[in-house]
Each structure stands twice: as structure tokens, then as C-alpha cells.
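Structural description and commentary
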Amino acid sequence: MRALIVDDERLARKELMKLLEDHPMIEVVGEAMNAEEAAQMVNDLNPDLLFLDIQMPGKTGFQLLEELDSVPLVVFTTAYDEFALKAFEVNALDYLLKPIQPERLAEAVSKLADKERAKNAALRGPEKKLGLNDQVFVKDGDRCWFVSLSNVRLFESDGNYIKVYFDNNRPMIHKSLNALDEKLDERAFFRASRKHIVNLSWVEGIEPWFNGGLMVKLRGGDKVEVSRRQAAKFKDMMSL
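Going by what an unreviewed UniProt entry lists, the protein chain is known as LytTR family transcriptional regulator DNA-binding domain-containing protein and is assigned to Chryseolinea lacunae.

Attention now moves to the overall build of the protein chain. Along the backbone of the protein chain there are 7 helices and 15 strands. Its C-alpha radius of gyration of 28 Å places the protein chain more than 25% over the 18 Å reference for a compact globule of 240 residues. For the protein chain, the spread of C-alpha atoms along the three principal axes comes to 80 × 40 × 30 Å. A total of about 14300 Å² of accessible surface is found on the protein chain, and carbon and sulfur atoms cover 49% of it. Of the side chains in the protein chain, 34 bear a positive and 40 a negative charge, and the two mean positions are spaced by 11 Å.

Now for helix 2 (residues 35–45). Inspection of helix 2 places Ala35, Ala38, Ala39, Met41 and Val42 among the buried residues, and these make up the whole buried set. Taken together, the buried residues of helix 2 touch strand 1 (2–6), strand 2 (27–32), strand 3 (49–52) and helix 3 (61–67). Where helix 2 begins, the side chain of Asn34 points an oxygen toward the backbone nitrogen of Glu36, at a separation of 3.3 Å.

This brings us to the nonpolar core. Val6, Leu50, Leu52, Leu64, Leu65, Leu68 and Phe76 are the most contacted members of the largest nonpolar core, which totals 22 residues. Those elements that place two or more of their residues in this core are strand 1, helix 2, strand 3, helix 3 and strand 4 (73–78). In terms of residues, this core owes the most to one element, helix 2, which gives 5 residues. Once residues lying within four places of it in the same chain are set aside, the contact partners of Leu52 are Val6, Gly61, Leu64, Leu65, Val74, Val75, Phe76 and Thr77.

This part covers the layout of surface pockets. Of the volumes computed, that of the largest pocket is approximately 220 Å³. What lines the largest pocket is a set of 13 residues, among which Val136, Phe137, Ile173, Lys175 and Leu180 lie closest to the centre. Class assignment of the residues belonging to the lining of the largest pocket gives a composition of 10 nonpolar, no polar and 3 charged. Computed from the structure, the second largest pocket encloses a volume of approximately 180 Å³. Around the second largest pocket sit Met1, Asn46, Pro47, Asp48, Ser70, Val71, Pro72, Leu73, Lys115, Glu116 and Lys119, which together line it. Of the residues forming the lining of the second largest pocket, the biggest block, 3 residues, is contributed by helix 5 (residues 102–124). Classifying every residue of the lining of the second largest pocket gives 5 nonpolar, 2 polar and 4 charged.

A few words now on the sheet that holds strand 12 (residues 196–199). Spatially, the 5 strands line up as an open sheet ordered 10-9-8-12-11, and their pairing is antiparallel. One side of each edge strand has no neighbouring strand; the edge strands of this open sheet are strand 10 (172–174) and strand 11 (189–191). Each strand axis lies, on average, 20° off the axis of its neighbour in the sheet, ignoring direction.

On to the pairing of strand 5 (residues 94–97), then. As defined by bridge partners, strand 4 adjoins strand 5 across 4 bridges and the pair is classed as parallel. The partner of Val75 across the bridge, within strand 5, is Asp94. In the classification by handedness, the crossover that spans strand 4, the intervening helix 4 (residues 84–89) and the parallel strand 5 is right-handed.

Strand order in the open sheet made by the 3 strands is 13-14-15, with antiparallel pairing throughout. What marks the edges here is a single partner per strand, and that holds for strand 13 (203–208) and strand 15 (223–226). Between one strand axis and the next, the sheet turns through 25° on average, direction left out of account. Summarising the sheet, strand 13 and strand 14 (residues 214–218) pair through 5 bridges and their orientation is antiparallel. In the strand pairing of strand 14, Pro208 is matched with Leu214.

It is worth spelling out unusual backbone geometry at this point. Of note, the amide linkage connecting Lys98 to Pro99 takes the cis form, showing an omega dihedral of -5°. In this fold, Pro99 is placed in the loop between strand 5 and helix 5. One non-glycine residue with positive phi stands out, namely Asn46, at about 50°. With respect to the element layout, Asn46 can be found in the loop between helix 2 and strand 3. Unusually for a residue other than glycine, Asp167 sits at a positive phi of about 50°. Here Asp167 lies in the loop between strand 9 (161–166) and strand 10.

Rules used in this analysis
- Residues numbered from 1 in each chain as written.
- Predicted model: local features only at pLDDT ≥ 70, side-chain atom pairs only at ≥ 80, totals over all residues.
- Heavy atoms only, no water.
- Helix = DSSP H or I, 4+ residues; strand = E, 2+ residues; numbered from the N terminus.
- Rg over C-alpha atoms; globule rule 2.2 N^0.38 Å.
- Areas by Shrake-Rupley, 256 points an atom, 1.4 Å probe, with all protein chains shown as cover.
- Lys, Arg positive; Asp, Glu negative; His and termini not counted.
- Charge placed at Lys NZ, Arg CZ, Asp CG, Glu CD.
- Buried < 20%, exposed > 50% of the residue type's maximum accessible area, 1.4 Å probe, protein only.
- Contact = heavy atoms within 4.5 Å.
- Polar contact = N/O pair within 3.5 Å; in protein donor to acceptor, adjacent residues only side chain to side chain.
- Core = buried A, V, L, I, M, F, W, Y, C linked by side-chain atoms within 4.5 Å.
- 1 Å grid on protein atoms, 1.4 Å probe; cavity = no way out; pocket = protein on both sides within 12 Å on 5 of 7 lines; lining within 4 Å.
- Points joined across faces, edges and corners; volume = space filled by probe spheres on them.
- Nonpolar A, V, L, I, M, F, W, Y, C, P; charged D, E, K, R; others polar.
- Pairing = 2+ DSSP bridges.
- Axes fitted to C-alpha atoms, helices over the stretch in contact; angles between N-to-C directions.
- Right-handed = clockwise from strand over helix to strand, strands pointing away.

In C-alpha cells form, the structure reads like this:
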């Protein structure tokens, strides 16, 4: 993130720049010693973030924000704590008291990272789920496959690994079933139980099973028990 430091004290600016060396996600693109200078630099440099002092000769940090057409993210840096409430009223991300402590700066940078991740996720939109038309790379030891998910009939949890059933192969991949379930299109793949995800297009037969569960038979002969908890959901999905 490209940051502008706004502070009338030269030593305070240099100290903050020194502290920010431990946080490579922040690139300091400029320094301003008052609000007028900062306003011009914001227009010229278009920073993502302001480290902004409040009490400065001339206009305050709050007055600077009022004048900006587009306000970057703001972390206030000040020797006074009485402005904290007003700082958060203008949606400041954090409020650091001078002398700035490395731990508090690290907390502020962590908040910035979370904000950036959320923004990027929103721009990307919902992640596309993997469906029957997708192909995936599977590696088990020295063997590799590039397999269409339409050919994968079953995923089975085995400790910290997943067994992938396709053709006569059953390679193991290091992944949790919960993580895989998040990536698969639920219209094509069904979480039958704690241990299994089945490809619905491979379902050949269904019969009642113990305790209100179901037994699903797949093409090729594999049988998978659907837990009682998932049985009702399965019936809804497969019914007209």
C-alpha cells in the first residue's frame, strides 16, 4: 500500500518511516509537513493511506480530510488522546499515540491488511466453484494426472488426506474434505457424510439404511452411506 506521512515534526516522520521498514506491505511515497502540502501531494500521488497528525500549524488533520475529494485510508498519529472519538467518527482505521510503539503499529498494519484483503475479495466477486466440466491436477508421489471432475465418482477422507476415486485409480492428496467441499459445486457434488463427497452424476441406486440414513450405490459398484443428517437434504436435491 502506498502511504503518505503527514506530520509537522521532522523527527516524528523519520521515526515512523524507520518503524515502517519492518512492514514491507507499506511503501512510503512521500512526506508532508502541513495540511496544505499534504492536499497537493494527495492529488499528485494518489496514496492508498495517510499516516496523519492532527495538531499542525495552520489547518488540522481533520480539516485536511474535509477538503479532499477522495479520502484514502487514514491512521491518525498524535500525541493527544482527546481526539480519538472524533477520529473514529471520520472512519479512521486506527489511532496511534506518540511515541508510536512497534506493537501498536503492527496492529494497525494488520487492520490495513485485513481491509485490503476484503477489498480484493469484493472486487473478485464470488469464487467460481469447480463443476463437472472442470479439470484438476492430481499428484500422488511420482505419479500425476490431469483428470476431468466428471470422471471423479467419489472423494474419501483418510486422516489428513483425501482419496480420489476415478477409473481404477485412487491417489491420495494432502487436503481436508472440508476445504475441498468449499471449492466444489454443490449441484454436482454432495457431502454424504463426514468422510465422503459423491459425484451425483454417478449415483445409480439408493436404498434406506440404518437410523434414517441412506445407502447410495455408484456406477462401478462403490457404495457410500449417507448420514441421517444429510439424508433429508439428499432427498430434497434428488426429488422433483
